[in-house]
Amino acid sequence: MDFELDDIQKMVRDTARKFAKEEVAPLAAEMDKTAKFRMELVNKMAELGFLGVAFPEEYGGGGMDYRCYAIIIEELSAVCASTGVVVSAHSSLCCDPIFKSGTEEQKKKFLVPLASGKMLGCLGLTETQAGTDAGNQKTTAVLDGNEWVLNGSKIFITNGGPAGVAVVIAATDKSAAHKGLSAFIVPADTKGYKVAKEEHKLGIRASSTAELVFDECRIPKENLLGKPGDGFKIALQTLDGGRIGIAAQALGIARGAMDHAVAYAKERVQFGQAISNFQAIQWKLADMATEIDAARLLVWRAAWMKDMGFKNYGKESAMAKLFASDVAMKATREAIQVFGGYGYIDEYPVERFYRDAKITEIYEGTSEVQKIVISRAVLQD
Ligand SMILES: Cc1cc2nc3c(=O)[nH]c(=O)nc-3n(C[C@H](O)[C@H](O)[C@H](O)COP(=O)(O)OP(=O)(O)OC[C@H]3O[C@@H](n4cnc5c(N)ncnc54)[C@H](O)[C@@H]3O)c2cc1C
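Just so it is clear, the model here is predicted, and its values are computed rather than measured.

**Observations concerning the packing of aromatic side chains**
Item 1. If you walk through the whole model with that rule in mind, you get 12 aromatic pairs.
Item 2. Each ring, one from Tyr193 and one from Phe214, has its centre 5.5 Å from the other, and the planes form 85°; the classification is edge-to-face. A residue pair is termed long-range when its members are at least 10 positions apart, and Tyr193 in strand β6 (residues 193-198) and Phe214 in strand β7 (residues 209-220) qualify at 21 residues.
Item 3. Ring pairing ties together the aromatic residues Tyr264, Phe339, Tyr342 and Tyr348, which thus form one cluster.
Item 4. Taking NZ or CZ as reference, Arg67 lies 4.4 Å from the ring centre of Trp300, over its face.
Item 5. When the ring centre of Tyr66 is taken as origin, the NZ or CZ atom of Lys306, which lies over that ring, is 4.7 Å away.

Structure follows, in structure tokens:
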């Protein structure tokens, strides 16, 4: 793996950084307060190719690598973690399983509009009783002639509100437990598909987190993704890749918090001098900088493994997410400390970063789950 970015990766970083600074940052506080995502940002990101950067051009993507994808998520999340997860959930959780497991026809019909950013996508895996225990699905899909009929509901679905397409996991054979799960591509305008509820959250408040209900929701037979029974495997593979996106989001949150802490430490005067002169503050910044670099190396390694076509990179993507989310929690906590009382009020953005960081320890597998994945791999080696 090359530590230096190549010319394309540098161009992607500079474009994403400029866009984040000029277009996203001015809206971030307002989107957080109103808990509403500004959809014009999706259109602008689509124009820049951010919504399908790592997918082949023939499927509406940018034909770039996964490191470019991680860089975009880092840059967006360094100013607004909600914007970061809109892109990450769309790309990793919806486009990726269609790219990996879809037929040519499914890719043309669904991946092209998704990857080119004409519509957003989401993944419906979680149910009230099926969180960490994702195999315990109650949503069912029954074949009736040429149609699958879906019944059930999904909770906490990122992009659930605005998504035009959902990849949905449902039980097709209850007797076979997780081996009886299948994956489906479900257009949001299908009769019986309903966005039932939007959640109010601690952080990433601008990102839609919705309950989806399927009530006699009929989709064509050919919307099955992979084979019947492939659903759990597709979900786990999807999460292996998705965790790189969430690790990149955590990395961006940590870096954004550090950037603000550095700037403030140089400005804030106490005892007649900038607080950056105090060793207590310098050490906080040193720890942040070191841990953020280490997190980035883990993120880039996992992205590189995905790019190189490693069959198994689940341990490495779990390590990246586990470590980067911990770094995000520490860096945002310490950034508030650098700001003192001002860090606690919403005049400055570090309190938002602190609230946003927490979710990275929870979704796409909690930190406890990442440790299960990592320790299983370690014990198998
Ligand atoms: C904002 C947000 C966005 C989300 N986006 C999506 C999405 O787009 N699509 C989707 O399908 N889901 C999504 N989720 C769901 C998310 O992935 C789950 O919340 C998460 O996997 C944890 O499941 P749970 O909430 O049911 O917690 P639980 O599984 O009930 O876990 C509760 C606690 O028990 C621990 N625990 C559980 N089992 C074990 C075990 N075997 N060993 C050790 N500890 C264990 C957990 O680590 C946790 O600390 C989202 C959630 C949120 C909050």
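**Brief notes about the site of the ligand**
Item 1. Neighbouring the ligand are 18 residues; Thr126, Thr132, Phe156, Thr158 and Thr366 lie closest to it.
Item 2. Here Thr126 contributes a side-chain N or O atom positioned 2.6 Å from a nitrogen atom of the ligand.
Item 3. Contact between the ligand and Phe156: a nitrogen atom at 2.7 Å from a main-chain N or O atom of the residue.
Item 4. Burial of the ligand by the protein amounts to 65% of the accessible area it has alone, namely 970 Å².
Item 5. Per-element tally for the shell around the ligand: the top contributor is strand β3 (residues 147-158), with three residues.

**Topic: a nonpolar patch on the surface**
Item 1. There is a patch of nonpolar side chains on the surface, built from Met1, Phe3 and Leu297 and spanning about 300 Å² of accessible area.
Item 2. Inspection of the secondary structure puts Leu297 in helix α7 (residues 279-307).
Item 3. For Leu297, a relative accessible area of 39% corresponds to the partly exposed category.

**Comments concerning unusual backbone geometry**
Item 1. Phi at Phe156 takes a positive value of approximately 60°, unusual for a residue other than glycine.
Item 2. For Phe156, a relative accessible area of 52% translates into the label exposed.
Item 3. For Ile204, which is not a glycine, the phi torsion comes out positive at approximately 30°.
Item 4. Relative to the elements of secondary structure, Ile204 occurs in the loop between β6 and β7.
Item 5. Among the residues examined, Ile204 registers a relative accessible area of 3% and is labelled buried.

**Details of the domain arrangement of the protein chain**
Item 1. Taken domain by domain, the protein chain comprises domain 1 (7-115), domain 2 (121-231) and domain 3 (233-380).
Item 2. Between the C-alpha centres of domain 2 and domain 3 the distance comes to 30 Å.
Item 3. Counting residues at the interface gives 14 residues for domain 2 and 12 residues for domain 3.
Item 4. A combined buried area of about 990 Å² lies between domain 2 and domain 3, and 70% of that area is made up of carbon and sulfur atoms.
Item 5. A per-residue breakdown of the area domain 2 buries against domain 3 is headed by Leu202, Ile204 and Asp230, which together make up 46% of the total.
Item 6. Between domain 2 and domain 3 we count zero salt bridges in total.
Item 7. Counting across the interface, domain 2 meets domain 3 through seven residue pairs in polar contact (both at pLDDT 80 or more).

Criteria and cut-off values
Residues numbered from 1 in each chain as written. Predicted model: local features only at pLDDT ≥ 70, side-chain atom pairs only at ≥ 80, totals over all residues. Heavy atoms only, no water. Phe/Tyr/Trp six-rings, centres within 6.5 Å; stacked < 30°, edge-to-face > 60°. Helix = DSSP H or I, 4+ residues; strand = E, 2+ residues; numbered from the N terminus. Lys NZ or Arg CZ within 6 Å of the ring centre and 35° of its normal. Near = heavy atom within 4 Å. Polar contact = N/O pair within 3.5 Å; in protein donor to acceptor, adjacent residues only side chain to side chain. Areas by Shrake-Rupley, 256 points an atom, 1.4 Å probe, with all protein chains shown as cover. Patch = residues over 30% accessible without salt bridge, like charges linked within 9 Å, V, L, I, M, F, W, Y side chains within 5 Å. Salt bridge = Lys/Arg side-chain N within 4 Å of Asp/Glu carboxyl O. Buried < 20%, exposed > 50% of the residue type's maximum accessible area, 1.4 Å probe, protein only. Domains from an automatic or database assignment. Contact = heavy atoms within 4.5 Å. Buried area = accessible area lost by both parts, 1.4 Å probe.

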